[in-house]
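A closer look at the structure
One letter stands for each residue in the lines below.
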Amino acid sequence: MTSGTVRLLRDLRAELDAAGLTGWFLVRDLDSGEEIGIDPDALVPLASLVKVPLAAAVLDRVASGELSEGRQLRLAGRGSREIGPAGLTRFRFPATIALADVVYLSTCLSDNVAADALFDLVSPAHVTHYVRGLGITDLTLRHRLSDLTETPAEALVQTPQLAQTLAAHGGTPSGGHRVRQLDSARANSGTARACVDLLEVLWTTPGPVVPEVSARVRELMGQHVVARQRLWPDFASDATTWSSKTGTLLNHRHEIGVVEHADGDRYAVAALTASRVSAGIQHVAEATMARVARRLRDHLRH
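One numbering rule holds for all chains: residues counted from 1, following each sequence as written. Thresholds applied to this predicted model are a pLDDT of at least 70 for local features of residues and 80 or more for the giving and counting of side-chain atom pairs; totals over whole chains, interfaces and linings are not thresholded and use all residues. To obtain the side-chain values, all non-hydrogen atoms of the structure were used and water was disregarded.

Some thoughts on the sheet that holds strand β3 (residues 44–45)
Definition in use: We treat two strands as partners when DSSP finds at least two bridges between them. By the criteria applied, helices consist of DSSP H or I runs no shorter than four residues and strands consist of E runs no shorter than two, each listed in order from the N terminus.
Taking strand neighbours across the sheet as the criterion, the 3 strands line up as β3-β7-β6 in an open arrangement whose pairing is antiparallel. Unpaired on one side and paired on the other, β3 and β6 (139–140) mark the two borders of the sheet. Two strands pair when backbone bridges link them, and β6 and strand β7 (residues 189–190) are joined in this way by 2 bridges, in the antiparallel orientation. From the neighbouring strand, Thr140 faces β7, where its bridge partner is Ser189.

Focus on the pairing of strand β1 (residues 21–29)
Defined as follows: A simple rule labels every residue: compare its accessible area, found with a 1.4 Å probe on the protein chains alone, to the largest value its type can have, and call it buried under 20%, exposed over 50%, or partly exposed in between.
When you tally the buried positions in β1, you get 8 out of 9 residues, the bulk of the element. Here β1 runs beside strand β10 (residues 266–275); their pairing, made up of 9 bridges, is antiparallel. When the bridges of β10 are listed, Leu21 appears paired with Ser275. Strand direction decides the pairing type here: β1 and strand β2 (residues 35–38), joined by 4 bridges, are antiparallel. Looking at the pairing, Val27 lines up with Ile36 of β2.

Considerations on unusual backbone geometry
Trans peptide bonds make up the majority, and among non-glycine residues the majority have a negative phi. Here the residue pair Thr205 and Pro206 is connected by a cis peptide bond, since its omega of -5 degrees sits within 30 degrees of zero. Examined against the element boundaries, Pro206 turns out to sit in the loop between α8 (192–202) and α9 (211–222). Phi is positive for Ser110, close to 55 degrees, though the residue is something other than glycine. Relative to the helices and strands, Ser110 is located in the loop between α3 (99–108) and α4 (112–121). A relative accessible area of 10% means that Ser110 is categorised as buried.

Focus: the sheet that holds strand β8 (residues 240–249)
So the rule is basically this: Axis definition: a line fit to C-alpha positions, over the contact stretch in the case of helices; interaxial angles, taken between N-to-C directions, run 0 to 180 degrees. Contact criterion: two residues are considered in contact whenever any of their non-hydrogen atoms come within 4.5 Å of each other.
The antiparallel open sheet is built from 5 strands, whose spatial order is β2-β1-β10-β9-β8. The open sheet is flanked by β2 and β8, the only strands paired with a single partner. Direction aside, neighbouring strands of the sheet carry axes that sit 10 degrees apart on average. In this fold α8 packs onto β1, β2, β9 (252–261) and β10, with an angle of close to 30 degrees to the strand it touches most, β1.

Thoughts on the side chain of Ser275
Put simply, the rule is: Polar contact is the term for a pair of N or O atoms within 3.5 Å; when the atoms are in protein, one must be able to donate a hydrogen and the other to accept it, and sequence-neighboring residues count only if both atoms are side-chain atoms.
Along the chain, Ser275 falls in strand β10. Of the polar contacts made by the side chain of Ser275, one reaches the side chain of Gln282; its length is 2.8 Å.

Looking at the environment of Ala287
By the element assignment, Ala287 lies in helix α11 (residues 283–301). Classification of Ala287 as partly exposed rests on a relative accessible area of 35%. The sequence separation of Ala287 and Arg230 amounts to 57 residues, and the corresponding C-alpha distance is 6.4 Å.

A closer look at the side chain of Ser48
Tracing the backbone shows Ser48 in the loop between β3 and α2 (51–64). Within the structure, Ser48 has its side chain in polar contact with the side chain of Ser110 (distance 3.3 Å).

Section: the confidence of the model for the chain
Condition: Confidence scores here are pLDDT values: one per residue, from the predictor, ranging 0 to 100.
When the pLDDT values of the chain are averaged, the result is 87; 83% of them are 70 or greater. In this model residues 151–160 is a low-confidence stretch, pLDDT under 50, and it forms 14 contacts with partners more than four residues away in sequence or in other chains.

So, helix α1 (residues 3–18)
Put simply, the rule is: Given the number of residues in a helix, its expected span is that number minus one, multiplied by 1.5 Å. By arc we mean the arc of the directions from the helix axis to the C-beta atoms, nothing more.
Over its 16 residues, α1 extends 23 Å from the first C-alpha to the last, a length consistent with the 22 Å expected when each residue adds 1.5 Å. Taken together, the buried positions of α1 are Thr5, Leu8, Leu9, Leu12, Glu15 and Leu16. Viewed end-on, α1 has its buried residues packed into an arc of 125 degrees, placing them on one side of the element. Turned more than 90 degrees off the buried face of α1, the exposed positions are Ser3 and Ala18. In the segment just after α1, Gly20 is the residue with positive phi, at about 80 degrees.

As for the pattern of salt bridges
Working definition: two side chains of opposite charge can pair if their charged atoms are close together. Our working rule: We define a salt bridge as a side-chain nitrogen of Lys or Arg found within 4 Å of a carboxyl oxygen belonging to Asp or Glu.
Within this structure, the stated rule accounts for 21 salt bridges. Linking Glu66 and Arg61 is a salt bridge whose minimum nitrogen-to-oxygen distance equals 3.7 Å. Judged by relative accessible area, Glu66 falls into the exposed class, the value being 53%. Its relative accessible area of 19% is what places Arg61 among the buried residues. Across the pair Arg230 and Glu286 runs a salt bridge whose closest N-O atoms are separated by 2.7 Å. With Arg230 in the loop between α9 and α10 (232–235) and Glu286 in helix α11, the pair connects residues that are 56 residues apart, well separated along the chain. The network of salt bridges with common partners includes Arg28, Glu35, Asp41, Arg193, Asp197 and Glu200.

Below, the structure written as structure tokens:
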């Protein structure tokens, strides 16, 4: 590691700390394999990032003929316990939707109701088995997305700051947490490296993922419309394509994606963070995680 790289990583750690963040980052050049990161091998609760391997596992079963993309799924609307910002979580009445469109809702709108309908067909254990078959060992799914709604944020709906305080200060140095959804040994969890490994196999053609599956997941990530205030402003432009997925749970804010430049350069990015600030809306945290990821990418590119 060069002295310049050491200084950069020291400065970025200080920047994260000043913003009240703990961060786990990895940026990899998908063509050369060169990479740079900050604690990329620490296990972290992944929240909605798991919808990427979920989509791949479901689409793999479609490609094998075990499932039909036109299969009609009857999904509950607002009467279900799940909450979320968009999609079926806000529907007032049940709806019948084709499997392919449920995959779209789960991945592009980060719809928890849609994701759990997919988990009814392909269990968390099967998704874990699927990613193991791709050679990815540090990404484990243990539960459905509905479990994420049973956090202190819902139990303490009248006192959201108390829930954020518990999330921000209830952890241990080893990754344990008083909130089980934030405990890396009990939650759907993974490392920044595992996330980048997953992105690499999805962007490698030919590769271990069935070509029509990887192509569709890449397309879905390119259509992602949630939380564009994070890495999107620093990576999307007329000369680049940014395909990504975000994940949010209490004080955890994540985003993974691939930036593809007009000159052919491609970089996989994993930016996973946890805040020590007891607040739900944190614009400084969002901007800081994007700036850190961008500076890591710039270091590799230049």
